[in-house]
Amino acid sequence: MPTLSSNYRKLRLISIGIPLLAIVLFVIDLAFIFYTSPFDLYGTLATFFLPPIGFICAGFVLSKSYSFKDVACMVLNVLTFFMFPMYWLLGTYFYGP
């Protein structure tokens, strides 16, 4: 298997870090930020805008390395993208409308 250049390693780190950042922002938004704060919904918006960037970076790296890590990064980005709708759906199922 060929080794990756440093640019692809950086893209891999970006594709790992972006969904983790979105998850942290989402949890902070749910747990610590209230409706009167000007930072309300920043974590929610992060789950919709950041994971596509990570998905694209993981796709570039996957086209060069075909590694399981890159497939896992793509799955993590997709799950992070759908995290807020899953939160809505599961909250509705568990607690009712």
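Residues numbered from 1 in each chain as written. Predicted model: local features only at pLDDT ≥ 70, side-chain atom pairs only at ≥ 80, totals over all residues. Heavy atoms only, no water.

A full pass over the atoms with the stated rule returns 1 salt bridge. The residue arginine 12 makes a salt bridge to aspartate 70 at a minimum N-O spacing of 2.9 Å. Remark: aspartate 70 occurs in helix α4 (residues 68-81) and arginine 12 occurs in helix α1 (residues 6-31); sequence separation between them is 58 residues. Across this residue pair, the class does not change: arginine 12 and aspartate 70 are buried. (Salt bridge = Lys/Arg side-chain N within 4 Å of Asp/Glu carboxyl O. Helix = DSSP H or I, 4+ residues; strand = E, 2+ residues; numbered from the N terminus. Buried < 20%, exposed > 50% of the residue type's maximum accessible area, 1.4 Å probe, protein only.)

This brings us to the packing of aromatic side chains. Aromatic ring pairs: the centre-centre distance and the angle between the two ring planes describe each pair. Scanning the model with the defined rule gives 8 aromatic pairs in all. Centre to centre, the rings of phenylalanine 48 and phenylalanine 84 are 6.3 Å apart; their planes meet at 85°, and the pair counts as edge-to-face. Highlighted residues: phenylalanine 48 in helix α2 (residues 42-49) and phenylalanine 84 in helix α5 (residues 83-95), separated in sequence by 36 residues. Owing to a relative accessible area of 29%, phenylalanine 48 belongs among the partly exposed residues under this scheme. (Phe/Tyr/Trp six-rings, centres within 6.5 Å; stacked < 30°, edge-to-face > 60°.)

Turning our eyes to something else, we now look at the packing of α1 against α4. Running from N to C, α1 and α4 point in directions that differ by 25°, and their axes come no closer than 9 Å. Taken together, α1 and α4 sit at an angle that is classed as roughly parallel. The two elements α1 and α4 cross, and the hand of that crossing is left-handed. Of the residues in α4, those in contact with Arg12, Ser15, Ile16, Ile18, Pro19, Ala22 and Ile23 of α1 are Lys69, Asp70, Cys73, Leu76, Asn77 and Thr80. The class makeup of the residues in the contact of α1 with α4 is 7 nonpolar, 3 polar and 3 charged. (Axes fitted to C-alpha atoms, helices over the stretch in contact; angles between N-to-C directions. Parallel < 35°, antiparallel > 145°, perpendicular 65-115°, else oblique. Left-handed = near helix turned anticlockwise from the far one by under 90°. Contact = heavy atoms within 4.5 Å. Nonpolar A, V, L, I, M, F, W, Y, C, P; charged D, E, K, R; others polar.)

Spatial relationships are all this shows, so hold off on functional conclusions.
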